[in-house]
Each structure stands twice: as structure tokens, then as C-alpha cells.
Amino acid sequence: MQNLKELTGQQKYDLLRSEYKDFIFDSYEVEKNSNELDIKYNFVVPGLAEFHPTWKIPFKNIEDTNEDAINRLIFNLGMVELVSYWKIACPQNVIIKCGVLTDTQLQWWKKLYYNGLGECFYVNGIEAYEKEFMHLVCDYSKEQTDCTKPVKLHGIYEGCLVPIGGGKDSCVSLEVLKRIKDEKITTYSVNRIEAVKKVIDVTDNKIGDILCRRTLDKTMLQLNSEGYINGHTPFSAIVAFSSVLTAALNGQKYITLSNENSANESTVKDSKVNHQYSKSYEFELDFNDYIATIVESDIRYFSLLRPLTEIQIAKIFASSDKYLEIFRSCNAGSKKGIWCCDCPKCLFVYIILSPFLSQERLTEVFGENLLNKESLEKYFRELVGIDENKPFECVGTRSEVVASLKYIIEKGEKLKLTEKYKDYIVNNGEDLKILLGEWCDEHLVPDNFVKEIRKVV
Ligand SMILES: CC(=O)N[C@H]1[C@@H](OP(=O)(O)OP(=O)(O)OC[C@H]2O[C@@H](n3ccc(=O)[nH]c3=O)[C@H](O)[C@@H]2O)O[C@H](CO)[C@@H](O)[C@@H]1O[C@H](C)C(=O)N[C@@H](C)C(=O)N[C@@H](CCC(=O)O)C(=O)O
Ligand SMILES: Nc1ncnc2c1ncn2[C@@H]1O[C@H](COP(=O)(O)OP(=O)(O)OP(=O)(O)O)[C@@H](O)[C@H]1O
């Protein structure tokens, strides 16, 4: 095999696909310990490697639930896990040996894989076409989990499972939910960075907290370092499937995500390539349709903040001091618990909070004034829309960014980056008040929650 590091993404894709034809989802193993399910997935790329990612998921009321339904949800979590391992060599054939899915369900997965890997293909310069990038089939040669007709999930489901990411959005969801009297809140996270822990610690109205532990297979990390294909995978789809399984095992009715309307905007202009695909409304609808084909249940998965935009979320967030010192939206620095102050996400969060917090307060929170930082000019241009594509990060829309900057310029702030692009911003910026008054009707939020969101916005 050639040194992969010397090849372009497209060359790697072509070479690896000719070398490795198959990806096999062979099986999954489940061990029931006293209060936790230990799950191991077995994936194989013949001739290259085996992968065994694991999950540990706490449970409470497993005895009341339907084991078949739980197995289906476990198998389907494996279906979303597999994309991280498939992308290493992108084999043409994906063979599912441990589950049965209808053609429509298989098409559903292909759509998620294709769109969820849109950024990975784009960034690596790989031309992949939805019709032919993957041939996904079930192999019926051994015992499998049959998902072709929905099965009832027994048990009583109540309260909210609130996935926490450590950034501002889930803090806003917690604040909205707090207003609903008697709503039972259980916080939820996949692994736990420091900011998530701190946010959960200050959530004083919760009745419980669930931590799922996910491990990546180390062979993937090894192959990444050898130059095999790597890139963005749809992490929010992992959150989606794991949260439904967790709710099923622990009795929560509502899974309240914090994905906002702004996540629907594509990252690459005039294309479907969206870093946040699995946070989009399209995915939310698709996900609910799909889950209904697997299990019939009272569990509802929706994003509480979908009617809102990032700018409205920023306004609500800034109105409470509680999270300002502890939240971390920066993906680059999140493991160290810092704002790296060098990435587009840091700059975006700084800008979107600017209309609602003083420059002094923001400088305290971030450690420096990011609008005076000329090294961030490239990201600044991308965020405001002077350059075509947005950064590959979870950031809001171009119009929200320009409106925020216009607002602070008109307030009299004179900062290096805003001064340099003042004309563009003032001529292109919408009125902040108009953006703050928007409401998006495309959402799945139940009425009793909608009432409370309207009160805080
Ligand atoms: C890359 C990723 O998804 N990371 C999330 C993961 O972190 P973890 O510690 O498990 O792995 P990393 O150190 O980040 O990555 C190590 C290598 O493994 C590859 N990889 C990782 C995860 C995966 O699912 N598939 C993979 O192939 C990766 O390419 C590296 O080579 O879990 C954490 C929670 O336990 C998440 O917090 C991590 O998310 C990062 C903060 C992050 O930057 N995520 C970005 C992908 C991201 O943009 N997240 C979006 C979500 C957008 C979406 O879902 O479409 C966001 O900001 O919300
Ligand atoms: N590790 C995780 N475990 C559970 N849920 C998560 C995790 N990471 C993200 N989420 C969920 O996905 C949502 C979107 O993630 P995202 O990173 O955009 O939001 P955030 O961290 O709340 O805010 P910000 O946009 O400021 O980073 C989160 O609000 C949360 O609901």
C-alpha cells in the first residue's frame, strides 16, 4: 500500500475502495450488569481491521420494558456508530449481519450517512455520489434483530431527558424548562467534559442525571494517524439514537434537544453541505419518522429551541449570569475546559453575545477581546458572509452575525475588526430588533413548552 499521507483525498478514496470492498456490521454484544448495559459493537473491514466501540448505558426500569424493543434500539445505535469506522476506507459494500431492515429503512440510513459525511467528503476533496457511494444490504445468514415492523415499548414515560453539550444552547433549554412547574428534568450526556459537568452541577431543579460512556475503538485512531480517511461525522445523530435508548431504559418521555433554527443553513453556500446536518430540522423530522418504524412509544424527540435562532438564544442566555463563567462552546478547547480564542466558534459566540453583554464583560469571560484580534480576520470574513463559505463549525447564520455587529457599531463600539469592515456591515446588516422578533413555525415542540418559550424570547 502506498503512503496514504502523500495522496489526495480523492486518490485515497479510490485506492481504499478498490482495496477494501466490504464493511461488515457483524454483531453486537450486550451484558446486563446491576444498573448498566454494557454494549460492544463488532465491525469488520476484511483485510484491514476489526473495530469494537463500546457503550455503557445506565438503566432503571428495564424489567418493565420490552426486550425486543430495547435490542432494536441498541442495534440502531450501532448503525449510527458504524459510519465513523466506515469512513476510514469507505468500502463500497456495507453488509449488516445482525439486523433486518426494510429497503426504505436502508435508504434512510444511506441518506444520513451521505449527508452526515457531506463535510468529510467536501473537506477531503472527495467526489461521492449519493446513489453509488454505498451499497447497503442486510445479510440474513444468522440470527438478527428484526426491525421491519414496529414493536410496542412498554412502561411509563414522563419528564424530560435534557442532553447537555456544555455550550450556551442547552443552558437556555434548562432555563426554559425550569419555568414549567413540576416538569421533571433529568440531564443527559455522552461522556463528560468539564463544562458539561459544571452546567449539570448548577442545575438545581433536576431529579436525575444520566451519563453514558462511549469509547471509540483505538484502531480507528491508529489508522487516522497513518493517513486513512478522517473527517467530520454526524455526532448529533449519535446523541439522538443514544438518547432514545437511554429514555427507553430510564423512563423519560421528552428528549429535549437544543438545536436552533439557524442550524438549518448550509455551510457551503448554494449546496447541501452542512456541518450541522444532524442538528437540522430535516434530520429531526427524518429521525422521528424512522424511530416510529422501529418502536411504538410515548417518547418524543424534539428540539426545544427549534423555533428560535442563535441570536434569540444568545439574548436569553446573556440574561442570566449563572452560566457565564462555566459554559464552553469552543469545540477545540472543550476538552481542556478553555476558550481557545483562536477558532471560528469562539469568535462566533463572542459576536453573538456582543449586543447583550458589554465588551468588558465579554473580555472577562473569554480572556481577551476577540473583535480586536486581527489573526481572526479570516473567520470574521467567513462568519459575516464576505467570503462564500461559513466555517465548518456550529455557528449561526450570516445575517445574525452582521446584525449583531451592526448593532454594536451603532452603539459606538470601535474595535479593530468591525472598524475594518464597517461599511460592509452597516450596509448589509438587518435591524437586530427584527431578527429578535422572529419565530419559526417549523418545529416539533409540544404546545405546553411553546408557551414558555414565547414568554422568555
Ligand atoms: C469528532 C467528534 O465527533 N468528537 C466528539 C466526541 O469526542 P471524542 O473525544 O470521542 O473524540 P475526538 O477526540 O473529538 O476525536 C478523536 C478522533 O476520532 C474521530 N471520531 C470521533 C468521534 C466520532 O463520533 N467519530 C470519529 O470518527 C475523530 O475524527 C478524531 O480523529 O464525543 C464528544 C462527546 O463525548 C463530543 O463532544 C465531540 O465533539 C467535538 C467537541 C467536536 O468537535 N465535534 C464536532 C464534530 C462538531 O462539530 N460537533 C458539532 C455537532 C455537529 C453534528 O452533529 O453534525 C457541534 O459542535 O455541536
Ligand atoms: N456530549 C453530549 N452529550 C449529550 N448531548 C450533547 C452532547 N454534545 C452536544 N449535545 C446536545 O446537542 C446540542 C447541540 O450541541 P451544541 O454544541 O450546538 O450546543 P451547546 O453545546 O448546547 O451550545 P453551543 O452552540 O453554544 O455550543 C446540545 O445542546 C445538546 O443538547
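- An unreviewed UniProt entry annotates the protein as UDP-N-acetyl-alpha-D-muramoyl-L-alanyl-L-glutamate epimerase of Eubacterium album.
- In the Sequence similarities (unreviewed entry) part of its UniProt record, the protein is described as follows: "Belongs to the MurL family."

With respect to the overall build of the protein
Logical step 1: The number of helices and strands found in the protein is 18 helices and 15 strands.
Logical step 2: For 457 residues, the compact-globule estimate of 2.2 N^0.38 gives 23 Å, and the C-alpha radius of gyration of the protein, at 22 Å, lies within 12% of that figure.
Logical step 3: Across its three principal axes, the protein shows a C-alpha extent of roughly 70 × 60 × 35 Å.
Logical step 4: Among the 457 residues that make up the protein, the fraction classed as buried is 60%.
Logical step 5: Put simply, of all contacts in the protein between residues at least 6 apart along the chain, 74% involve residues at least 24 apart.
Logical step 6: Carbon and sulfur atoms make up 47% of the accessible area of the protein, which totals about 18800 Å².

Description of the domain arrangement of the protein
Logical step 1: Split by domain assignment, the protein resolves into domain 1 (4-303) and domain 2 (326-436).
Logical step 2: For domain 1 and domain 2, the distance between their C-alpha centres works out to 31 Å.
Logical step 3: When domain 1 packs against domain 2, the two sides together hide about 1900 Å² of surface, and 60% of this comes from carbon and sulfur.
Logical step 4: Counting every contact that joins domain 1 to domain 2 gives 0 salt bridges.
Logical step 5: On inspection of domain 1 and its partner domain 2, the count reaches 2 residue pairs in polar contact (both at pLDDT 80 or more).

Re the packing of aromatic side chains
Logical step 1: Applying the stated rule across the entire model yields 35 aromatic pairs.
Logical step 2: Taking the centre distance of 6.4 Å and the plane angle of 50° together, the rings of Y28 and Y41 count as tilted. Of the two residues, Y28 sits in strand β1 (residues 22-33) while Y41 sits in strand β2 (residues 36-45), which places them 13 residues apart along the sequence.
Logical step 3: Ring geometry for Y28 and F75: centres 6.4 Å apart, planes at 40°, overall tilted. Taken together, the positions of Y28 in strand β1 and F75 in helix α2 (residues 67-86) put the pair 47 residues apart, joining distant regions of the chain. Residue Y28 shares its accessibility class with F75, and that shared class is buried.
Logical step 4: Through a chain of ring-to-ring contacts, three or more aromatic side chains come together here, namely W108, W109, Y113, F241, Y277, F283, F287, Y290 and Y301.
Logical step 5: Against the face of W439 rests R454, its NZ or CZ located 3.9 Å from the ring centre.

Some points on the site of ligand 1
Logical step 1: Taken together, 23 residues lie around ligand 1, and S84, K87, S236, H275 and K335 are the ones closest in.
Logical step 2: One of the side-chain nitrogen or oxygen atoms of N224 is found 3.1 Å away from an oxygen atom of ligand 1.
Logical step 3: Burial of ligand 1 by the protein amounts to 76% of the accessible area it has alone, namely 980 Å².
Logical step 4: Here the element with the most residues in the shell around ligand 1 is helix α7 (residues 218-225); it accounts for 3 residues.
Logical step 5: The residues that make up the shell around ligand 1 include at least three from each of domain 1 (4-303) and domain 2 (326-436).

Digging into the site of ligand 2
Logical step 1: Residues in close proximity to ligand 2 total 19 residues, the closest being P163, S170, V190, K279 and S329.
Logical step 2: D169 places a side-chain nitrogen or oxygen 3.1 Å from an oxygen atom of ligand 2.
Logical step 3: Surface burial for ligand 2 is 91%, taken as the share of its 570 Å² of free accessible area covered by protein chains.
Logical step 4: Listing elements by their share of the shell around ligand 2, those giving two or more residues are α5 (168-178), β11 (185-190) and α8 (235-250).
Logical step 5: Across the shell around ligand 2, the residue classes tally to 7 nonpolar, 8 polar and 4 charged.

A look at the pattern of salt bridges
Logical step 1: Using the criterion set out here, one finds 25 salt bridges in the structure.
Logical step 2: Notably, a salt bridge pairs E81 with R214, separated by 2.6 Å at the nearest N-O pair. With a gap of 133 residues between them, E81 in helix α2 and R214 in strand β12 (residues 206-215) connect regions that are remote in the sequence.
Logical step 3: In this structure, the salt-bridge partner of K178 is E175, at a minimum N-O distance of 3.4 Å. Taken as a pair, K178 and E175 lie in helix α5 at a separation of 3 residues, close to a single helical turn.

A word on the nonpolar core
Logical step 1: Counting residues in each nonpolar core, the largest one holds 87 residues, and the members touching the most others are F25, W55, W86 and W109.
Logical step 2: The next biggest cluster of nonpolar side chains, apart from the first, holds 68 residues, and it includes V162, A403, I408 and W439.

Overview of the side chain of T418
Logical step 1: Considering the arrangement of structural elements, one finds T418 in helix α15 (residues 416-420).
Logical step 2: A relative accessible area of 1% places T418 in the buried class.
Logical step 3: At 3.0 Å, the side chain of T418 and the backbone oxygen of L415 are in polar contact.
Logical step 4: Not counting residues within four places of it along the chain, the set of residues in contact with T418 comprises L371, F380, L405, I408, I409 and I425.

Overview of the packing of helix α11 (residues 344-353) against helix α14 (residues 398-410)
Logical step 1: In the contact formed by α11 and α14, the axes pass within 8 Å of each other and the chain directions differ by 55°. Classified by the angle their axes make, α11 and α14 are oblique. Two packed elements cross with a definite hand, and for α11 against α14 that hand is left-handed. Contacts between α11 and α14 involve F348, I351 and I352 from the first element and E400, V401, S404 and L405 from the second.
Logical step 2: Residue composition of the contact of α11 with α14, grouped by class: 5 nonpolar, 1 polar and 1 charged.

Focus on the state of the cysteines
Logical step 1: Taken as a whole and judged by the stated rule, the model has 0 disulfides.
Logical step 2: Of all cysteine sulfurs, the one in C343 lies closest to C340, which takes part in no disulfide; the gap is 3.7 Å.
Logical step 3: On the basis of relative accessible area, C340 is assigned to the partly exposed category, the value being 22%.

Side note on the packing of helix α13 (residues 377-384) against α14
Any two packed helices are characterised by the angle at which their axes cross and by the distance between the axes.
Logical step 1: At a closest axis distance of 7 Å, the pairing of α13 and α14 adopts a crossing angle of 110°. Taken together, the axes of α13 and α14 lie roughly perpendicular to each other. Residues F380, L383 and V384 of α13 form the contact with α14, whose participating residues are R398, V401, V402 and L405.
Logical step 2: Considered class by class, the residues forming the contact of α13 with α14 number 6 nonpolar, no polar and 1 charged.

About the cut-offs
- Residues numbered from 1 in each chain as written.
- Chains lettered and ligands numbered in written order.
- Predicted model: local features only at pLDDT ≥ 70, side-chain atom pairs only at ≥ 80, totals over all residues.
- Heavy atoms only, no water.
- UniProt positions renumbered as here; feature names shortened; annotations may be inferred.
- Helix = DSSP H or I, 4+ residues; strand = E, 2+ residues; numbered from the N terminus.
- Rg over C-alpha atoms; globule rule 2.2 N^0.38 Å.
- Buried < 20%, exposed > 50% of the residue type's maximum accessible area, 1.4 Å probe, protein only.
- Contact = heavy atoms within 4.5 Å.
- Areas by Shrake-Rupley, 256 points an atom, 1.4 Å probe, with all protein chains shown as cover.
- Domains from an automatic or database assignment.
- Buried area = accessible area lost by both parts, 1.4 Å probe.
- Salt bridge = Lys/Arg side-chain N within 4 Å of Asp/Glu carboxyl O.
- Polar contact = N/O pair within 3.5 Å; in protein donor to acceptor, adjacent residues only side chain to side chain.
- Phe/Tyr/Trp six-rings, centres within 6.5 Å; stacked < 30°, edge-to-face > 60°.
- Lys NZ or Arg CZ within 6 Å of the ring centre and 35° of its normal.
- Near = heavy atom within 4 Å.
- Nonpolar A, V, L, I, M, F, W, Y, C, P; charged D, E, K, R; others polar.
- Core = buried A, V, L, I, M, F, W, Y, C linked by side-chain atoms within 4.5 Å.
- Axes fitted to C-alpha atoms, helices over the stretch in contact; angles between N-to-C directions.
- Parallel < 35°, antiparallel > 145°, perpendicular 65-115°, else oblique.
- Left-handed = near helix turned anticlockwise from the far one by under 90°.
- Disulfide = S-S within 2.5 Å.

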